[in-house]
Amino acid sequence: MTVRPTPSHNPPAEPATTGPATAGSTDAPAPTEPAITPDLSSRDPNWWRQAVIYQVYPRSFADADGDGLGDLRGLTRRLAHLATLGVDAVWLSPFYPSELADGGYDVADYRDVDPRLGTLEDFDVMVAEAHRLGLKVLVDLVPNHSSHQHVWFQEALRAGPGSPARDRYVFRDGRGRGGELPPSDWHSVFGGSAWQRVPDGQWYLHLFAPEQPDLNWDNEEVRDDFRTTLRFWADRGVDGFRVDVAHALTKDLTEPLRDLGDLAAGGDEALEGMAPGEHPLYDRDEVHEIYRDWRKILDSYSPPRMAVAEAWVPGERRVLYARPDELGQAFNFEYLRTPWDAEELREVITSALEQARAAGASATWVLSNHDVIRHATRLALPPGTDPDAWLLSGGREPAVDAALGLRRARASTLLMLALPGCAYLYQGEELGLPEVADLPADVLRDPIWEQTGHARKGRDGCRVPLPWTRGGADFGFGFASADGTPWLPQPEWFSELSVEAQDGVDGSALELYRAALRVRRGLLSADESLTWLDGAAPGVLHFSRPGGWQVVANTGPTPVPLPTGRTLLASGPLDGGGTVLPPDTTVWLKA
Ligand code: GLC
């Protein structure tokens, strides 16, 4: 099924940016041969500090068996695309057994593969192929909550109040005379109460969907089981872990539970209204013990396994998760949330680098992931737009200038890839994909839609299966399918943004990403410093990196003269015979 075509999302026809194009255009859906084979013998324990890591949302990447759901064998067949792109590693969102109440972040078994996505053997084949291509592999660990289908939760339901099985989760009696009221006023991040009642009258805590009961991290069995899970995947050869909701594991559950009043509905945003370490649910100081414990396990491997925390907490607290004796990295969501504005970007970049340096951590940068509106759309939303209201309007109010979004996305990506540290890419951004904002209500799968009583559409618009080919019922998402219907419908305009449509085409988003990663690789040194250069015009960022690499980004409305130097790469066409930087454009120069 496809949704109605929307007005043109054509990549603006742009003349060639610098850097030779890679492979020529292909007629067949088969991936091109990788152009780059990174050094397979590298055992560098710090490979991740300045890596480019590509997030795969497995259900939407490639579908080998044609059932409409992406799978591991599909990923394996498309790994060459990632090697050709030039990334260092691939991070897989959850592929574990799950009823998909939250897109796989509801895990029923932490040490297996969802049969619809393959088998452990398929996983091993995928890792071996990735390693053969010089790609590292990260898996997603979801320790805050399991699925309600997990054997432990099923056992807890059967075992009854006060049992050791219930102690692995957070069960409490309710308030009110008959316990008919939830034990506290806490809200779920997805909307509604964070408590769900079970038939015997007790309530359990779920910070996300009711199908995702929170685990009790004061329970030693829970801690031990996750040590086993870490070893299980590290033993299978994975190179690192992304830790889901890393800031929520430990909670202040002392009785009576502390109501949050006005802050209850804010999820982790409520942190801003509280002193550090004060929130009963998020970013508690005790959580760091867990990561210090995990670091010992990760370091027992050679090379040590890396890890990155998903922690939506302010920067100075976020880097604590990234200390060398903890996870090493934490996603920098402040950067993702910063508008395309030179002054604000400079502030966020400067403080992120200072915070990372002070903590001994590696800085990270990210613009898109499976939880946010894709940056090719987000950066063109008029200031003050409420993203939820915009999505509810099907992406029509206000109208978004797709060409502007793509121009800014290209410019902001080139800026990000020049920053010291590790960059995370999200599948499809290398195609300049915008958000699919007009998914009809009856196809939505994100639990946010139902849990908010249809007030928020949620995150499906960035999770639509990728277009690999111009044509075909599912634009090459499925290999085997004659009639495989992708689990989310793809819009008609995916055709012109497909890999096939961009492969070898000068000026395409795909060729820009390939060129940027290739040039970046040649420019990087072990020196992770950045120097702001004086005299930049308002709206312009200008900095240098070691080795004479200079970066100029124009976020303002006025063209500006470029400093002297040899242009290595530009995110769009330059003016004045290459001497003038137009608005919404970034350039890399060699001084
Ligand atoms: C993280 C994931 C998100 C998921 C949530 C609950 O924020 O990125 O997709 O819904 O955790 O697991």
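Please refer to the structure higher up on the page.
Residues numbered from 1 in each chain as written. Predicted model: local features only at pLDDT ≥ 70, side-chain atom pairs only at ≥ 80, totals over all residues. Heavy atoms only, no water.

1. Let's talk about the overall build of the protein
Piece 1. A tally of regular secondary structure across the protein gives 15 helices and 20 strands.
Piece 2. Compactness check: the protein gives a C-alpha radius of gyration of 24 Å against a globular reference of 25 Å for 591 residues, within 12% of the reference.
Piece 3. Principal-axis analysis of the C-alpha atoms gives the protein an extent of 80 × 55 × 50 Å.
Piece 4. A total of 591 residues make up the protein; the buried ones form 61% of that total.
Piece 5. Taking the intrachain contacts of the protein between residues at least 6 apart in sequence as the baseline, contacts between residues at least 24 apart amount to 69%. (Helix = DSSP H or I, 4+ residues; strand = E, 2+ residues; numbered from the N terminus. Rg over C-alpha atoms; globule rule 2.2 N^0.38 Å. Buried < 20%, exposed > 50% of the residue type's maximum accessible area, 1.4 Å probe, protein only. Contact = heavy atoms within 4.5 Å.)

2. Comments concerning the sheet that holds strand E9 (residues 306-309)
Piece 1. Within the open sheet, the eight strands sit side by side as E10-E9-E8-E4-E3-E2-E12-E11. Their pairing is parallel. Each edge of the open sheet carries a strand with a single partner, namely strand E10 (328-330) and strand E11 (364-366). Averaged over all adjacent pairs, the angle separating strand axes in this sheet is 25°, with direction ignored.
Piece 2. Sheet analysis places strand E2 (residues 52-56) next to strand E12 (residues 422-426), joined by four bridges and oriented parallel. If you follow Gln55 over to E12, its bridge partner there is Tyr426. (Pairing = 2+ DSSP bridges. Axes fitted to C-alpha atoms, helices over the stretch in contact; angles between N-to-C directions.)

3. Regarding the sheet that holds strand E16 (residues 549-554)
Piece 1. The strand order E14-E15-E16-E20-E18 describes an open sheet built from five strands, whose pairing is antiparallel. The two strands at the open ends of the sheet, each matched to only one other strand, are strand E14 (531-532) and strand E18 (566-570).
Piece 2. Summarising the sheet, strand E15 (residues 540-545) and E16 pair through six bridges and their orientation is antiparallel. Across the sheet, residue His542 finds its bridge partner in E16, namely Val552.
Piece 3. Contacting E14 and E15, helix H8 (residues 342-359) crosses the sheet at an angle of about 35° to E15.
Piece 4. With respect to the sheet, helix H15 (residues 509-523) is in contact with E16, E18 and strand E20 (585-590), its orientation differing from that of E18 by roughly 135°.

4. Notes on the site of the ligand
Piece 1. For the ligand, the set of nearby residues contains 14 residues, the closest of which are Asp102, His145, Asp244, Glu310 and Asp371.
Piece 2. Between the ligand and Asp102 there is a distance of 2.6 Å, counted from an oxygen atom to a side-chain nitrogen or oxygen.
Piece 3. Taking Arg242, its side chain carries an N or O atom lying 3.0 Å from an oxygen atom of the ligand.
Piece 4. Surface burial for the ligand is 96%, taken as the share of its 310 Å² of free accessible area covered by protein chains.
Piece 5. In terms of residue class, the shell around the ligand is made up of four nonpolar, three polar and seven charged. (Near = heavy atom within 4 Å. Polar contact = N/O pair within 3.5 Å; in protein donor to acceptor, adjacent residues only side chain to side chain. Areas by Shrake-Rupley, 256 points an atom, 1.4 Å probe, with all protein chains shown as cover. Nonpolar A, V, L, I, M, F, W, Y, C, P; charged D, E, K, R; others polar.)

5. So, the packing of helix H1 (residues 72-85) against H15
Piece 1. At their nearest, the axes of H1 and H15 sit 8 Å apart, and the two run at 60° to each other. Between H1 and H15, the angle is such that the two are oblique. Taking contact as the criterion, the partners of His81, Thr84 and Leu85 in H1 are, on H15, Leu510, Tyr513, Arg514 and Leu517.
Piece 2. Its residues assigned to classes, the contact of H1 with H15 comprises four nonpolar, two polar and one charged. (Parallel < 35°, antiparallel > 145°, perpendicular 65-115°, else oblique.)

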